Amino acid sequence: MSIENLSNNPAVVTTRQIKAARALLGWSQEDLAERSAVSEPTIARLEAEDGPLGGRPETATKIINALVAAGIEFILENGGGPGVRQIRRLPTAHR
């Protein structure tokens, strides 16, 4: 799903998707905190709850944006269940 759609409705992303995205990237909560400008205790608190990503909408958007910028694509509930995948990055040309 496009980041524009997620940014307009971050509640569609679940905490399990956030954890799965971190796992795909090999990121700790601290890594996500640094890249999203959201405090580590806030990330830990949000991830402790199951279900839709809670907190303030702007906080959820910062977290989602950081993961998308790192190459994560969120797959929303579509009959097969929500999920995440890592987008393949094309190798950059050597200059």
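Criteria and thresholds
Residues numbered from 1 in each chain as written. Predicted model: local features only at pLDDT ≥ 70, side-chain atom pairs only at ≥ 80, totals over all residues. Heavy atoms only, no water. Buried < 20%, exposed > 50% of the residue type's maximum accessible area, 1.4 Å probe, protein only. Helix = DSSP H or I, 4+ residues; strand = E, 2+ residues; numbered from the N terminus. Arc of directions from axis to C-beta. Contact = heavy atoms within 4.5 Å. Core = buried A, V, L, I, M, F, W, Y, C linked by side-chain atoms within 4.5 Å. Salt bridge = Lys/Arg side-chain N within 4 Å of Asp/Glu carboxyl O.

Student: Would you mind showing me how to read helix H2 (residues 15–25) here?
Tutor: Turning to H2, its buried residues number three or more, namely Thr15, Gln17, Ile18, Ala21, Arg22 and Leu25. Taken end-on, H2 shows its buried residues confined to a sector of 160°, consistent with a single buried face. Turned more than 90 degrees away from the buried face of H2, the exposed residues are Arg16 and Ala23. On its buried side, H2 packs onto helix H3 (29–36), helix H4 (40–48), helix H5 (57–69), strand S1 (72–75) and strand S2 (83–86). Backbone geometry just downstream of H2 places Gly26 in the positive-phi region, at approximately 75°.

Student: Looking at this structure, I do not really get unusual backbone geometry. What am I missing?
Tutor: Peptide bonds are, in most cases, trans, and in most cases residues other than glycine have a negative phi. A positive phi angle, close to 60°, is found at Ala37, a residue other than glycine. Take Ala37: its relative accessible area is 61%, and that puts it in the exposed class.

Student: I would appreciate a short explanation of the nonpolar core in the present structure.
Tutor: In summary, soluble globular proteins display a tendency toward joint burial of nonpolar side chains. The biggest cluster of nonpolar side chains holds 19 residues, and the ones touching the most others in it are Ile18, Leu32, Ile63, Leu67, Ile72 and Phe74. Broken down by element, this core gets its largest block of residues, five residues, from H5. Once residues lying within four places of it in the same chain are set aside, the contact partners of Ile63 are Ile18, Leu32, Ser36, Val38, Ile43 and Leu46.

Student: Looking at this structure, I do not really get the pattern of salt bridges. What am I missing?
Tutor: Charged atoms that come close allow side chains of opposite charge to pair. Under the counting rule described, the total for this entry stands at five salt bridges. The partner of Arg35 in a salt bridge is Asp31, with the nearest N and O atoms 3.8 Å apart. Separated by four residues within a single helix, Arg35 and Asp31 lie in helix H3, roughly one turn from each other. For Arg35, a relative accessible area of 47% gives the class partly exposed. What makes Asp31 partly exposed here is its relative accessible area of 21%. Its salt-bridge partner being Glu73, residue Arg85 comes within 2.8 Å of it at the nearest N-O pair. Separated by 12 residues along the polypeptide, Arg85 in strand S2 and Glu73 in strand S1 bring together distant segments of the chain. The class for Arg85 is partly exposed, based on a relative accessible area of 43%.

Geometric values such as these leave the question of function open.
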